[in-house]
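# Topology and contacts: notes
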Amino acid sequence: MLRLHQTFGAHTGRSYDFDQPVVRLGRMPDSDVVFDAHADLDASGRHCEIRREGEQWVLVDAGSRNGTFVAGQRITRHVLRDGEELECGPGGPRLRVELRTPSASIGSSPVRPNAATMAATPVPSHAAPSPAPFGGSYAPPGSLAPQVPRTEPAPAMPAAPGAPKLYGQRTVGLMIDDAVARAREAERPPGPPRLLVGAVISLAGLLGITLLVLLVLVLRDTSRDAPDPAHVTAANAAALYRVVVTAPSEATLCTAFAVRRQVLATSATCVLTLEQRRSEGATIELRGASTPRIAQLWRHPAHVPGQPGPDVGLIQVDGDMPALATLVTPDTVASLREGSRVLAFGYAGAVARTADIELDEVETLADGTRVLRYETAAPEGAPLFDSSGSVVGLQGAAGHGVGVDALLALLAGLPL
């Protein structure tokens, strides 16, 4: 059995169990371990394979662009040992290898990376105790229950040739029960034809299935795929940061979230405020799973303060982020409509909070920016998540959100 624990990358904290002969890793969606197509850019679409050869697991590079590494050494073929860590490209996703005997993994099954199976990951000490609607606080997920091995009975010894056939007490009891049941069935008066009974049962089952489908459709229409706060906060807490002015007095300016190894996203309005406060001599800090220093700031060139538009900005830092938020594609943003549900997750003061938002209007501006309008208040710069736990936009400063397509455009236009 092979178990992989992801220790760095967009899906940090997830674990995968396999007992198949070949395990493929890469950003292509048909891989067995799928890296994030937008965040794990150091990994190739077909990056590497782990092959079972006899009693060994062998790591083989699949002609990747940035190479495959074990213990800092680039490899093309390497026999894996328990506890080793492989890296897909310098600074790319990293996974720790655990080699398990079949008896220690009974009941396990191969897990695809997009399934909702994540190892319990520590949550930053600054995050609040439990997730709730806006005004609540954040709590870490529970731990996973251990697997209990099953025990197979020992095979029975064959009887000696010519010996009489013997039956155990349990077998004799079953034979008696079967004989009694047959006698009672013979004494029972004849009932309705079996064909009629089968038709009635089939009709009742069909009606039940129809009612169940209608109920599911009604419930789905009312919820509009509302994101689960517990899932969103557990998966993205380590990617969330608080932008704080520490001098002359401490105050939270906005929320930022990691989207690249050394880049955080926030609103352009927040970046403008940072530039002004730094020019006045104020001290700015980022507080989250790490405390990186700010190296450079960018604002979307089409942003106009106080007006709806591409209110997005970027903060480049001097260290790698321990976890990244997953960004959706522009096509997913285009599917948002009136009534769609999103979840804002950001800092209101020193506490991380969530806000359940139903979109009142989705407007596409002349430059292609999608503006999301709603009445619910949310922290400035907070990412907006859909039901899959991916970022579809972010909260601006003018009481509206901006689609993630504006953020992707800004990332593509800068030498990051």
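Right, let's walk through the structure included here.

### Things to note about the overall build of the protein chain
A tally of helices and strands in the protein chain yields 6 helices and 24 strands. A buried classification covers 42% of the 416 residues belonging to the protein chain.

### Considerations on the sheet that holds strand 1 (residues 2-8)
Hydrogen bonds between backbone groups are what pair the strands of a sheet, and the pairing can be parallel or antiparallel. Judged by pairing direction, the sheet is antiparallel, and its 6 strands sit side by side in the order 2-1-11-10-7-8 without closing on themselves. Edge positions in the sheet fall to strand 2 (15-18) and strand 8 (73-75), since each of these pairs with one other strand and no more. If you compare each strand with its neighbour and ignore which way they point, the axes differ by 30° on average. The pairing of strand 7 (residues 68-70) with strand 8 spans 3 bridges and is antiparallel. Across the sheet, Thr68 pairs through a bridge with Ile75, a residue of strand 8.

### Observations regarding the pairing of strand 15 (residues 283-287)
In the case of a regular strand, side chains alternate between the two sheet surfaces. In strand 15, alternate side chains face the same way, and those of Ile284 and Leu286 are buried while those of Thr283, Glu285 and Arg287 on the opposite face are not. As judged from the 5 bridges shared by strand 12 (residues 240-247) and strand 15, these two strands associate in the antiparallel manner. Across the sheet, residue Val245 finds its bridge partner in strand 15, namely Ile284.

### Observations regarding the nonpolar core
Across soluble globular proteins, you tend to see nonpolar side chains buried next to one another. Membership of the largest hydrophobic core comes to 61 residues, with the highest contact counts inside it found for Phe257, Leu314, Ile315, Leu327 and Leu407. Ranked by the residues each element gives to this core, the list is headed by helix 6 (residues 404-412), at 6 residues. Setting aside residues up to four positions removed in sequence, Ile315 forms contacts with Val243, Ala256, Gln262, Val263, Leu264, Thr266, Leu274, Leu286, Ile294, Gln296 and Leu297. Residues Ala43, Ile50, Trp57 and Leu59 belong to the second largest nonpolar core, which totals 20 residues.

### Some remarks on the state of the cysteines
In this structure the tally under the stated criterion is 1 disulfide. No disulfide involves Cys48; its sulfur sits 4.1 Å from that of Cys88, the nearest cysteine. A residue is classified by how much of its surface remains accessible, and Cys48, at 2% relative accessible area, is buried. When its relative accessible area of 0% is taken as the criterion, Cys88 is described as buried.

### Structural notes on a nonpolar patch on the surface
Together, Leu203, Leu206 and Leu207 line one region of the surface with nonpolar side chains, adding up to about 310 Å² of accessible area. Take Leu206: it is sitting in helix 2 (residues 194-223).

### Quick notes on the pattern of salt bridges
Applying the stated criterion to the full structure yields 17 salt bridges. A salt bridge links Arg94 to Glu87; its shortest N-O distance comes to 3.9 Å. For Arg94, a relative accessible area of 25% puts it in the partly exposed group. According to the relative accessible area criterion, Glu87 is buried, its value standing at 17%. The closest approach of N and O atoms between Glu275 and Arg299, which form a salt bridge, is 3.2 Å.

### Section: the sheet that holds strand 4 (residues 33-34)
Here we have 5 strands laid out as an open sheet, ordered 4-3-5-6-9, and mixed in their pairing. Looking along the sheet, the strands with just one partner apiece sit at the ends: strand 4 and strand 9 (77-79). Here strand 3 (residues 22-26) pairs with strand 4 via 2 bridges, running parallel. What sits directly across from Gly26, in strand 4, is Val34.

### Some remarks on the side chain of Ser44
Looking at the element boundaries, Ser44 is found in the loop between strand 4 and strand 5 (48-53). When near neighbours in sequence (up to four residues on either side) are disregarded, Ser44 contacts Gly26, Arg27, Ser64, Arg65 and Asn66.

### Observations regarding helix 6
For helix 6, the buried fraction is high: 7 of the 9 residues fall into the buried class. Regarding helix 6, the residues found buried are Val404, Asp405, Ala406, Leu407, Leu408, Leu410 and Leu411.

### Topic: a negative patch on the surface
A grouping of Glu338, Glu358, Asp360 and Glu375 is seen on the molecular surface, where their side chains present a negatively charged patch. Looking at the element boundaries, Glu358 is found in strand 19 (residues 351-358).

### What about unusual backbone geometry?
With phi around 55°, Ala71 is a residue other than glycine that occupies positive phi space. Turning to its location among the elements, Ala71 is positioned in the loop between strand 7 and strand 8.

### Here we look at the pairing of strand 12
For strand 12, the buried fraction is high: 6 of the 8 residues fall into the buried class. Alignment of strand 12 against strand 13 (residues 251-260), held across 6 bridges, turns out to be antiparallel. Note that in strand 13 the partner of Tyr241 across the bridge is Ala256. Hairpin connection, strand 12 to strand 13: the antiparallel pair is bridged by 3 residues.

About the thresholds
Residues numbered from 1 in each chain as written. Predicted model: local features only at pLDDT ≥ 70, side-chain atom pairs only at ≥ 80, totals over all residues. Heavy atoms only, no water. Helix = DSSP H or I, 4+ residues; strand = E, 2+ residues; numbered from the N terminus. Buried < 20%, exposed > 50% of the residue type's maximum accessible area, 1.4 Å probe, protein only. Pairing = 2+ DSSP bridges. Axes fitted to C-alpha atoms, helices over the stretch in contact; angles between N-to-C directions. Core = buried A, V, L, I, M, F, W, Y, C linked by side-chain atoms within 4.5 Å. Contact = heavy atoms within 4.5 Å. Disulfide = S-S within 2.5 Å. Patch = residues over 30% accessible without salt bridge, like charges linked within 9 Å, V, L, I, M, F, W, Y side chains within 5 Å. Areas by Shrake-Rupley, 256 points an atom, 1.4 Å probe, with all protein chains shown as cover. Salt bridge = Lys/Arg side-chain N within 4 Å of Asp/Glu carboxyl O. Lys, Arg positive; Asp, Glu negative; His and termini not counted. Charge placed at Lys NZ, Arg CZ, Asp CG, Glu CD.

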